[in-house]
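# A closer look at the structure
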Amino acid sequence: MKDNLREQRDGRSVPLVTLDKAGLAAWRETQSDAVRRWLEAVAFEARPATHCLVPGPDGSLAAVLVGAAEKPGPWELSDLPGVLPAGDYHLDGDPAPARREALGLGWALGCYRYDEYRDEETRATKRPRAVLALDDAQATEAVREMSAAVCLVRDLINTPTEALPPAQLAATCEELAARFGASCAVTSGDDLLRTNFPAVHAVGRAAAQAPCLIDLQWGDPSHPRVAIVGKGVCFDSGGLDIKPASGMRLMKKDMGGGAHAIALAQLVMTRKLPVRLHLVVPAVENAISGNAYRPGDVIRTRKGITAEIDNTDAEGRVILSDALAYASESAPQLMVDFATLTGAARVAVGTELPAMFCNDDALAQGILEQGLTCDDPVWRLPLHAPYRAFIESKVADIQNAGSVPYGGAITAALFLERFVGESIPWAHFDIMGWNIRARPGRPEGGEAMGLRAVYAHLAERFR
């Protein structure tokens with residue numbers, strides 16, 4: 001992605017001046033009569049999400065006034081790359097490093113366009129041409145690393161399944177491993193049975209392309225072990241419990257959890273966190289054919305727990321059962337998973353707020369606090385133990401869907417908890433992975449949710 005950032009300004013750079021209403025009044029007093037008359041003519045009031053081009057005496061652009069957000073954050077400048085005239089810009093004054101970085105990130109993400117399938121002429125006309133100089137090499141590098149991770153999530157989710165089936169998702173991880181000197185093993189097809197990933201195999205066996213388990217490891221083995229797991233359902237038809245057309249339309253995004261896990265792994269490796277990273281992504285397509293898994297089937301999982309299939313459309317937790325059990329075998333000091341898992345979580349907290357379940361209060365609080373600091377909020381929901389009764393099976397150890405139509409995000413999380421190793425701090429994120437509306441810096445389409453909050457916690461915890 002072209003981020004339209006520059007480390008240092010040149011002599012022609014135009015300042016971006018962020019002002020609230022009081023600040024605008026004070027700024028006006030320092031300006032010429034011509035500028036004051038201009039502000040009156042355009043009726044600029046410094047409301048949030050507004051801006052004003054200020055001409056100089058020779059008619060050139062002298063400044064851009066930006067209405068300050070009610071709460072400072074990364075999105076104040078995000079709409080500007082696509083609407084400002086071509087040219088170079090810089091932040092007025094000397095913002096604190098954290099604010100400089102936040103505004104730079106918002107600018108970079110405001111440049112994002114998913115245009116892989118558009119012709120070059122259309123791409124060229126829609127690309128932002130305004131460039132922001134952060135006047136700080138370290139901040140520019142940090143912004144580029146974070147925006148690259150966010151945009152990797154967006155690109156992977158936005159890519160149609162025909163171009164990103166399980167094998168291609170695995171290839172993405174192999175390329176990532178090669179770039180950072182990590183190991184990456186991919187187990188596919190019937191080899192999943194031979195290596196004891198029966199749940200992944202059962203869900204994915206009906207698809208034309210074989211299911212696989214992606215296993216990437218990086219870092220010094222003596223460092224604390226961190227496991228990152230992501231649901232990689234590259235397309236979800238619902239299986240034999242088939243979704244209606246309206247429910248299937250966006251199911252290319254059902255690998256969004258895997259996209260988050262891969263991008264978080266990229267950030268960890270890019271910034272060389274002192275951890276032993278273990279990335280696990282089970283990648284499948286939940287398809288329909290003569291050998292599709294069925295409601296009523298009982299699957300023996302990697303951990304030896306038997307799972308009765310109540311609904312084939314609750315497939316994400318089934319493949320994650322093997323992945324979480326496998327990641328737990330190395331006794332990580334911390335484990336997180338991301339999954340586009342339940343509609344119930346969206347009913348509970350909406351589409352823009354990830355639901356977090358966590359078995360460790362310190363881990364949960366650390367992520368919550370970092371989410372607020374970096375404007376990437378998450379919301380904790382309870383692992384309410386009495387609801388385990390709703391996933392009890394009459395013929396197996398557990399069933400993959402709740403027996404009541406309530407608390408579906410909780411029962412899904414409780415299902416996953418059965419496969420997490422004892423005493424391992426674990427956080428599970430039930431995410432939408434998709435913006436259903438466009439906002440500055442956050443276009444409609446694939447989106448990273450909770451990624452920055454989790455990374456910030458890891459960076460704070462493992463220095």
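Above this text is the structure in question.
Since the structure is predicted, the reported quantities are computational estimates derived from the model, not experimental observations. (Residues numbered from 1 in each chain as written. Predicted model: local features only at pLDDT ≥ 70, side-chain atom pairs only at ≥ 80, totals over all residues. Heavy atoms only, no water.)

Quick look at the overall build of the chain now. A count of helical and extended segments in the chain gives 15 helices and 20 strands. Expected size for 463 residues packed as a compact globule is a radius of gyration near 23 Å; at 24 Å, the chain falls within 12% of this value. Relative to its full complement of 463 residues, the chain shows a buried share of 56%. A fraction of 75% describes how many contacts in the chain between residues 6 or more apart in sequence connect residues 24 or more apart. Accessible surface for the chain amounts to roughly 19400 Å². Of this, 50% is attributable to carbon and sulfur atoms. Once the 48 positive and 59 negative side-chain charges of the chain are each reduced to a mean point, those two points are 1 Å apart. (Helix = DSSP H or I, 4+ residues; strand = E, 2+ residues; numbered from the N terminus. Rg over C-alpha atoms; globule rule 2.2 N^0.38 Å. Buried < 20%, exposed > 50% of the residue type's maximum accessible area, 1.4 Å probe, protein only. Contact = heavy atoms within 4.5 Å. Areas by Shrake-Rupley, 256 points an atom, 1.4 Å probe, with all protein chains shown as cover. Lys, Arg positive; Asp, Glu negative; His and termini not counted. Charge placed at Lys NZ, Arg CZ, Asp CG, Glu CD.)

We now examine the pattern of salt bridges. The full count for this structure, using the stated rule, is 26 salt bridges. A salt bridge links Glu 352 to Arg 439; its shortest N-O distance comes to 3.3 Å. Placement of Glu 352 in the loop between α12 (343-349) and β15 (355-358) and of Arg 439 in the loop between β19 (434-435) and β20 (445-446) is noted, with a sequence separation of 87 residues between them. Among the residues examined, Glu 352 registers a relative accessible area of 30% and is labelled partly exposed. The network of salt bridges with common partners includes Arg 6, Asp 10, Arg 12 and Asp 88. (Salt bridge = Lys/Arg side-chain N within 4 Å of Asp/Glu carboxyl O.)

The buried fraction of strand β8 (residues 212-218) amounts to seven of the seven residues, a majority that puts the element mostly inside the structure. Burial along β8 is two-sided: Cys 212, Ile 214, Leu 216 and Trp 218 and Leu 213, Asp 215 and Gln 217, pointing in opposite directions, are all buried.

So, on to the packing of helix α11 (residues 316-328) against helix α14 (residues 408-417). One way to put it is that α11 packs onto α14 with a least axis distance of 9 Å and a crossing angle of 30°. Classed by the angle they form, the pair α11 and α14 counts as roughly parallel. Judged by the sense of rotation from one axis to the other, the crossing of α11 with α14 is right-handed. Mapping the contact onto sequence places Arg 317, Val 318, Leu 320, Ser 321 and Leu 324 in α11 and Ala 412, Phe 415 and Leu 416 in α14. (Axes fitted to C-alpha atoms, helices over the stretch in contact; angles between N-to-C directions. Parallel < 35°, antiparallel > 145°, perpendicular 65-115°, else oblique. Left-handed = near helix turned anticlockwise from the far one by under 90°.)

Counted under the stated rule, the structure contains five aromatic pairs. Where Phe 197 meets Tyr 326, the ring centres are 5.4 Å apart and the plane angle is 85°; that geometry is what we call edge-to-face. Remark: Tyr 326 occurs in helix α11 and Phe 197 occurs in the loop between α7 (191-194) and α8 (198-204); sequence separation between them is 129 residues. Looking at Tyr 326, the relative accessible area reads 16%, which means it is buried. Ring geometry for Phe 415 and Phe 419: centres 5.3 Å apart, planes at 45°, overall tilted. We classify Phe 415 as buried; its relative accessible area is 1%. One Lys or Arg, Arg 442, reaches over the ring of Trp 75 and ends 4.1 Å from the middle of that ring. (Phe/Tyr/Trp six-rings, centres within 6.5 Å; stacked < 30°, edge-to-face > 60°. Lys NZ or Arg CZ within 6 Å of the ring centre and 35° of its normal.)

Before going further, it helps to spend a moment on the pairing of strand β11 (residues 276-286). Within β11, ten of the eleven residues are buried, which leaves the element mostly enclosed by the surrounding structure. Here seven bridges tie β8 to β11, and the two strands are oriented antiparallel to one another. Looking at β11, one finds that Trp 218 is bridged to Leu 277. In the sheet, strand β9 (residues 225-230) pairs with β11 via five bridges, with the strands oriented parallel. Pairing of Val 226 across the sheet is with Leu 277, part of β11. (Pairing = 2+ DSSP bridges.)

This brings us to the state of the cysteines. Tallied over the full model, the rule gives zero disulfides. Looking at the unpaired Cys 212, the closest cysteine sulfur is the one in Cys 234, lying at 7.5 Å. Using a relative accessible area of 1% as the deciding quantity, one classes Cys 234 as buried. (Disulfide = S-S within 2.5 Å.)

To continue, consider the environment of Gly 296. Counting through the fold element by element, Gly 296 comes out in the loop between β11 and β12 (298-300). Every residue in contact with Gly 296, bar those within four places of it in the chain, is listed here: Glu 308 and Ile 309.

Quick look at the sheet that holds strand β6 (residues 130-133) now. For sheets, the rule is that strands pair by backbone hydrogen bonds, running either parallel or antiparallel. Read from one edge to the other, the open sheet built from six strands follows the order β1-β6-β5-β2-β4-β3, with strand pairing classed as mixed. This sheet does not close on itself; its edge strands, each paired only once, are β1 (5-6) and β3 (51-55). Bridge analysis of β1 against β6 gives two bridges, and the strand direction is parallel. Each residue of the ladder has a partner; that of Leu 5, found in β6, is Leu 132.

For the rest of this paragraph, the subject is the packing of helix α5 (residues 137-158) against helix α10 (residues 256-270). Remark: α5 packs on α10, axes separated minimally by 9 Å, with the N-to-C direction vectors making an angle of 160°. Comparing their axes, α10 and α5 come out roughly antiparallel. Read as a crossing pair, α5 and α10 show a hand that is right-handed. Residues Glu 145, Met 146, Ala 148, Ala 149, Leu 152, Val 153, Leu 156 and Ile 157 of α5 form the contact with α10, whose own contacting residues are Gly 256, Ala 259, His 260, Ile 262, Ala 263, Gln 266, Leu 267 and Thr 270.

On to the sheet that holds strand β17 (residues 398-399). Spatially, β12-β13-β17 is the arrangement adopted by the three strands of the open sheet, whose pairing is mixed. Only two strands of the sheet have a single neighbouring strand rather than two, namely β12 and β17. In terms of strand pairing, β12 meets strand β13 (residues 306-308) through three bridges, oriented antiparallel. Counterpart to Val 298 in the pairing with β13 is Glu 308.

Turning our attention to the side chain of Asp 430. In this structure, Asp 430 sits in strand β18 (residues 426-430). A residue is classified by how much of its surface remains accessible, and Asp 430, at 0% relative accessible area, is buried. A distance of 3.3 Å separates the side chain of Asp 430 from the backbone nitrogen of Leu 341, its partner in a polar contact. With near-sequence residues (within four places) excluded, Asp 430 lies in contact with Ala 339, Thr 340, Leu 341, Thr 342, Ala 345, Arg 346, Pro 354, Ala 355 and Ala 409. (Polar contact = N/O pair within 3.5 Å; in protein donor to acceptor, adjacent residues only side chain to side chain.)

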